[in-house]
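Here's the letter readout for the chains.
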Amino acid sequence: MESNQQIKSPGKMEVVEVLCMKGGIGDTSYAQNSLLQKKVISLTKPIIHEAITNFYCNNFLATLRIADLGCSSGPNTLFAVLEIVTIVDKVCKKMGNQLPEIQVFLNDLPGNDFNTIFKSVSKFQKDLEKIMGAGAESCFVTGVPGSFYGRLFPSKSIHFIHSSYSLQWLSQVPNGLESNKGNIYMASSSPPCVLKSYYEQFQTDFSMFLRCRSEELVEGGSMVLTFLGRKSDDPSSKECCYIWELLALALSDMVGEELIEEEKMDSFNIPQYAPSPYEIKCEAEKEGSFTIDRLEVSEVNWNAYDGELYPSDAHKDGGHNVTMLMRAVAEPLLASHFGDGIIDEVFSRYQKIVADRMSREKTEFVNVTVAMTRRG
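What comes next concerns the included structure.

**Observations concerning the overall build of the protein chain**
Assigned secondary structure in the protein chain consists of eleven helices and seven strands. For the protein chain, buried positions account for 58% of its 376 residues. As displayed, the protein chain offers around 15600 Å² of accessible surface, 50% of which is attributable to carbon and sulfur atoms.

The structure is reproduced here in structure tokens:
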């Protein structure tokens, strides 16, 4: 899950500086707690295969440039690249074409743990060599720090763009959330003006994303984008907001015990919006540079280890698994606002709340995947 941001008013996070997944390779790092995101990437593999095949039917290139936007760090970064490059290799062989040189651009905000990625590149090259043989030498990996809500690449230079679980993150916390007291995100108790502010920020950000990518993609180039999203028309529905509502409960308990200042909680809001397929389609049609080829919805269990045949003892506790996932995503945001001192306690409380709800309810994330082609 990745992201972007800029905010000027006092008390608001400079999201571009603090929004990142937890770096390193420790027990609470994103690298160790991102199996769910890996499963989501795997779910989209047929859509990526189709997009690359369609592009290659009409183009033969000496150099193919691919960008993964919101790449984060840890095994999923190069797992996504490995999947994409392997598909390119298969498509080329099927069509009897020579494999082009492949330049891969890994993008995320400057606070992302790029060092962990670069340390993994040699292993990635070895994995690629097992699959592609000598062709692995033709793949080059580059890091590109910066917000994907602005330009990242020269005009008409990129052929394929991939992004997974990143575009739900907004460029900033929306304005006008003062009335969202007791919540840290959209919730069933949020006033309509709060939902409107979140939606308008999504519209602004996604339209800017599309404008920038329309400049950078070649004609006929394609994108496969997967959002943490929702099926419901209601942006405050449980399917996209519940996981954050439970974190708000843990924080509220600590406010009640005077471990956190109430005004600190009231001024904290998550810079995220989980769009519906219709909302994504509307923004793409308004911007006008892309044809939508596929628009699909899928679900994954909150507990990434659900359904695994032989989970280790450490991964048999679903509440623990979900808490570690959310901690890897949310800790940098929480620590920047509340300080490091609350982190262990808030997630200890969160784990008990999550485990209780998971024992009584079906808990799933909704994914929305869209494949688009740049118009000529």
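Additional details are given in the paragraphs that follow.
**Things to note about empty space enclosed by the protein**
Over the atoms rolls a probe the size of a water molecule, and its path tells where empty space is left. Taken as a whole, this structure holds three cavities of 30 Å³ or more when the rule is applied. The volume enclosed by the second largest cavity comes to roughly 40 Å³. The biggest single contributor to the lining of the second largest cavity is helix H3 (residues 45-58), with four residues. Grouping the constituent residues of the lining of the second largest cavity by class yields six nonpolar, one polar and no charged.

**Thoughts on the packing of aromatic side chains**
Inspection of every chain in the model, using the stated rule, returns 14 aromatic pairs. A centroid spacing of 5.7 Å and a plane angle of 90° characterise the contact between Phe148 and Phe209, whose relative ring orientation is edge-to-face. Taken as a pair, Phe148 in the loop between strand E3 (139-145) and strand E4 (158-164) and Phe209 in helix H6 (residues 192-216) lie far apart in primary sequence, 61 residues in all. A single burial state applies to Phe148 and to Phe209, both of which are buried. One aromatic cluster in this structure is built from Phe148, Tyr149, Tyr199, Phe202, Phe206, Phe209, Phe227 and Tyr273. Just above the ring of Phe209 sits the side chain of Arg213; from NZ or CZ to the centre is 4.9 Å. Above the plane of the ring of Tyr242 lies Lys238, whose end atom (NZ or CZ) is 4.3 Å from the centre.

**So, the pattern of salt bridges**
Scanning the entire structure with this criterion turns up 18 salt bridges. Residue Asp89 is joined to Lys93 by a salt bridge in which the shortest nitrogen-to-oxygen separation is 3.1 Å. Remark: Lys93 and Asp89 occur in helix H4 (residues 75-95); sequence separation between them is four residues, near one turn of the helix. Using a relative accessible area of 54% as the deciding quantity, one classes Lys93 as exposed. Arg230 is paired through a salt bridge with Glu279; the nearest N and O atoms lie 2.9 Å apart. Residue Arg230 is located in the loop between strand E5 (217-229) and helix H7 (238-256), and its partner Glu279 is located in helix H9 (residues 277-287); the two are separated by 49 residues in the primary sequence. It is possible to trace a salt-bridge network through shared partners that takes in Glu50, Arg294 and Glu296.

**Comments concerning unusual backbone geometry**
Residues apart from glycine generally show negative phi values, whereas peptide bonds are mostly found in trans. Of note in this structure, Lys156 is not a glycine but carries a positive phi near 50°. Along the chain, Lys156 falls in the loop between E3 and E4. For Tyr165, which is not glycine, the phi dihedral falls at a positive 55°. Among the secondary structure elements, Tyr165 is positioned in the loop between E4 and H6.

**What about the nonpolar core?**
Within the largest apolar cluster, 76 residues are counted, with the highest numbers of intra-cluster contacts made by Ile184, Phe206, Phe209, Leu225, Trp244 and Leu251. A total of twelve residues in this core trace back to one element, the largest contributor, which is H7. In this structure Ile184 touches Tyr198, Trp244, Leu247, Ala248, Leu251, Met265, Phe268, Asn269 and Ile270, once residues within four positions along its chain are discounted. Of all hydrophobic cores here, the second largest spans 35 residues; its members include Leu61, Val81, Ile102 and Phe160.

**Remarks on helix H11 (residues 343-360)**
A rise of 1.5 Å per residue sets the reference length of H11, with its 18 residues, at 26 Å; its end C-alpha atoms lie 26 Å apart and thus fit the reference within 8%. Residues Ile343, Val346, Phe347, Arg349, Tyr350, Ile353, Val354 and Met358 constitute the buried set of H11. Summarising the axial view, the buried residues of H11 lie within an arc of 165°, below the 170-degree limit, and thus occupy one face. Structural note: H11 exposes Asp344, Lys352, Ser359 and Arg360 on the side pointing more than 90 degrees away from its buried face. Buried-residue contacts for H11 involve H7 and helix H10 (318-338).

Reading the values: the criteria
Residues numbered from 1 in each chain as written. Predicted model: local features only at pLDDT ≥ 70, side-chain atom pairs only at ≥ 80, totals over all residues. Heavy atoms only, no water. Helix = DSSP H or I, 4+ residues; strand = E, 2+ residues; numbered from the N terminus. Buried < 20%, exposed > 50% of the residue type's maximum accessible area, 1.4 Å probe, protein only. Areas by Shrake-Rupley, 256 points an atom, 1.4 Å probe, with all protein chains shown as cover. 1 Å grid on protein atoms, 1.4 Å probe; cavity = no way out; pocket = protein on both sides within 12 Å on 5 of 7 lines; lining within 4 Å. Points joined across faces, edges and corners; volume = space filled by probe spheres on them. Nonpolar A, V, L, I, M, F, W, Y, C, P; charged D, E, K, R; others polar. Phe/Tyr/Trp six-rings, centres within 6.5 Å; stacked < 30°, edge-to-face > 60°. Lys NZ or Arg CZ within 6 Å of the ring centre and 35° of its normal. Salt bridge = Lys/Arg side-chain N within 4 Å of Asp/Glu carboxyl O. Core = buried A, V, L, I, M, F, W, Y, C linked by side-chain atoms within 4.5 Å. Contact = heavy atoms within 4.5 Å. Expected span 1.5 Å × (residues − 1). Arc of directions from axis to C-beta.

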